[in-house]
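In case you want the letters, here they are:
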Amino acid sequence: MSQQRKTDSIEIAVIGGGVIGLATGWRLARSGKKVVVFEKKEAGRGAGWASAGMLAPQTEAGYEQKDLLEFSLESLRKYPEFLRELTEDSGIKVEAGKTGSLFCALNRDDLERLQRFFDFRQRLGFPVMKLKGEETREKEPYLSPRVTASVFVPDDWHLDSRKLLAALKTAFINKGGLIHEDSPVTEILLDGKTAAGIKVLDPKTKTEKEVKANTLVLAAGAWSSQIKGLPENLIPPIRPIKGMILNLKAESCPLSHVIRAEGVYLVPKQNGRLLVGATSEEKGYDVSPLAGGIKDLLQNAFDIVPGISECPLEEIQIGLRPANRDHSPVLGPSPIQGLYYAAGHYRHGILLAPMTALEVSHSVLTGDFERLKPFSITRFFSSAAA
Ligand code: FAD
Ligand code: GLY
């Protein structure tokens, strides 16, 4: 019997089944395209699984990141409609809560930082408010008496990112998408300057096979720079930034806002859960929970909300944030015909999922990528290699 090797052929291959790959795949499938997501482990279990689910562009606005800020604000505006359509396609209702954030100060250094934080946001026209210590505790009685001032950012939202991932996965499948799990993509195949397909490890035979596809979306999060096949200048300069969050059962000190302070944030979730995050560690692809990180998070959280010392620690969540050199994502078409990027969302992948999915799928479907120009891979061409 001949041992002829079978080569599959598909319309669109999405590399990576995280929040970005699933969201983009779903939008493409919703438009009638035949899409297959290739996921090296389990879809929905990447960095998004560890995320705090904050949709907080006003609080997280960086000083020199105008394009990213505009994109983030637009993504937040798109969220209600995005979630409505997601519920329509998945049957899963993902609720986002507009709780606002309190950015708290404990000492003189913090006060200086708080003032700069406030001034910058006021200049941008955000409806931020400065509060004294007592006013802050009126909003959040469980805060430490050591909190001397805060800035209230009323327009921040958050959601349950694991529920979002479950909904994206279901919606994608319901719209005809296919997910191949335990199927790492090892190589991107090119035919000159055109995308030709991928090489993927078959989960059953553990051998590589070729899959033909003329459209590829690279959405492999922190691993997007690790897949072979691209010329050097088209490999996105993405590295992993490890983040650890502690999941506490905090019924004894309920909070109703997201609380932020130097080195920590606390995000109250349903059923008395409180997320305490997050570390930011340059440890390559290592995801082991380190004692020092746990100690720092608990100490910083305890300084703000002393009652947490009585709370059971239920889970340690760890994820690798995908960070480009300039901490902005790389999105849209590449100089290779048929190859698109949707990678490098760093600390904002949950927030940026709607705009990324809508705009990347729009560019695949129509060729128009005007809105994605600030995030093109070409911005790295002139800068020195890291
Ligand atoms: P991932 O979610 O990591 O998904 C990438 C997927 O690709 C993974 O499933 C991986 O297994 C798969 N993959 C990798 N290589 C291959 C391959 N070769 N073949 C096939 N599949 C592959 N963002 C917010 O907006 N708000 C927050 O509050 C927030 N909090 C965070 C807290 C922490 C602790 C962390 C770690 C992140 C947080 N983020 C937050 C950031 C957010 O989680 C990321 O930006 C987002 O998950 C990136 O999505 P992604 O799909 O690109 O990557
Ligand atoms: N955006 C929160 C984090 O990445 O930790």
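For the structure, check the block above.
What counts and what doesn't
Residues numbered from 1 in each chain as written. Chains lettered and ligands numbered in written order. Predicted model: local features only at pLDDT ≥ 70, side-chain atom pairs only at ≥ 80, totals over all residues. Heavy atoms only, no water. Helix = DSSP H or I, 4+ residues; strand = E, 2+ residues; numbered from the N terminus. Buried < 20%, exposed > 50% of the residue type's maximum accessible area, 1.4 Å probe, protein only. Contact = heavy atoms within 4.5 Å. 1 Å grid on protein atoms, 1.4 Å probe; cavity = no way out; pocket = protein on both sides within 12 Å on 5 of 7 lines; lining within 4 Å. Points joined across faces, edges and corners; volume = space filled by probe spheres on them. Nonpolar A, V, L, I, M, F, W, Y, C, P; charged D, E, K, R; others polar.

Colleague: Account for the environment of Asn 214, naming residues and giving values.
Modeller: Note on placement: Asn 214 falls in strand 12 (residues 208-218). Asn 214 gets classed as exposed once you look at its relative accessible area, which sits at 57%. Sequence separation of Asn 214 and Leu 168 is 46 residues, and the distance between their C-alpha atoms is 24 Å. Non-local contacts of Asn 214, meaning those with residues more than four positions away in its chain, are made with Ile 10, Glu 11, Ala 195, Gln 337 and Gly 338.

Colleague: Give a description of empty space enclosed by the protein that names residues and reports values.
Modeller: Applying the stated rule across the entire model yields two cavities of 30 Å³ or more. Each pocket or cavity is described by its volume, and for the largest cavity that value is around 70 Å³. Around the largest cavity, the lining residues are Pro 57, Glu 60, Ala 61, Gly 62, Gln 65, Leu 68, Leu 69, Ser 72 and His 348. Listed by contribution, the elements that provide at least two residues to the lining of the largest cavity are helix 3 (57-60) and helix 4 (66-90). The element contributing the most residues to the lining of the largest cavity is helix 4, with three residues. Class assignment of the residues belonging to the lining of the largest cavity gives a composition of four nonpolar, four polar and one charged. As a volume, the second largest cavity reaches approximately 30 Å³. What lines the second largest cavity is simply Phe 103, Cys 104, Asp 110, Arg 113, Leu 114 and Glu 262. The biggest single contributor to the lining of the second largest cavity is helix 5 (residues 108-123), with three residues.

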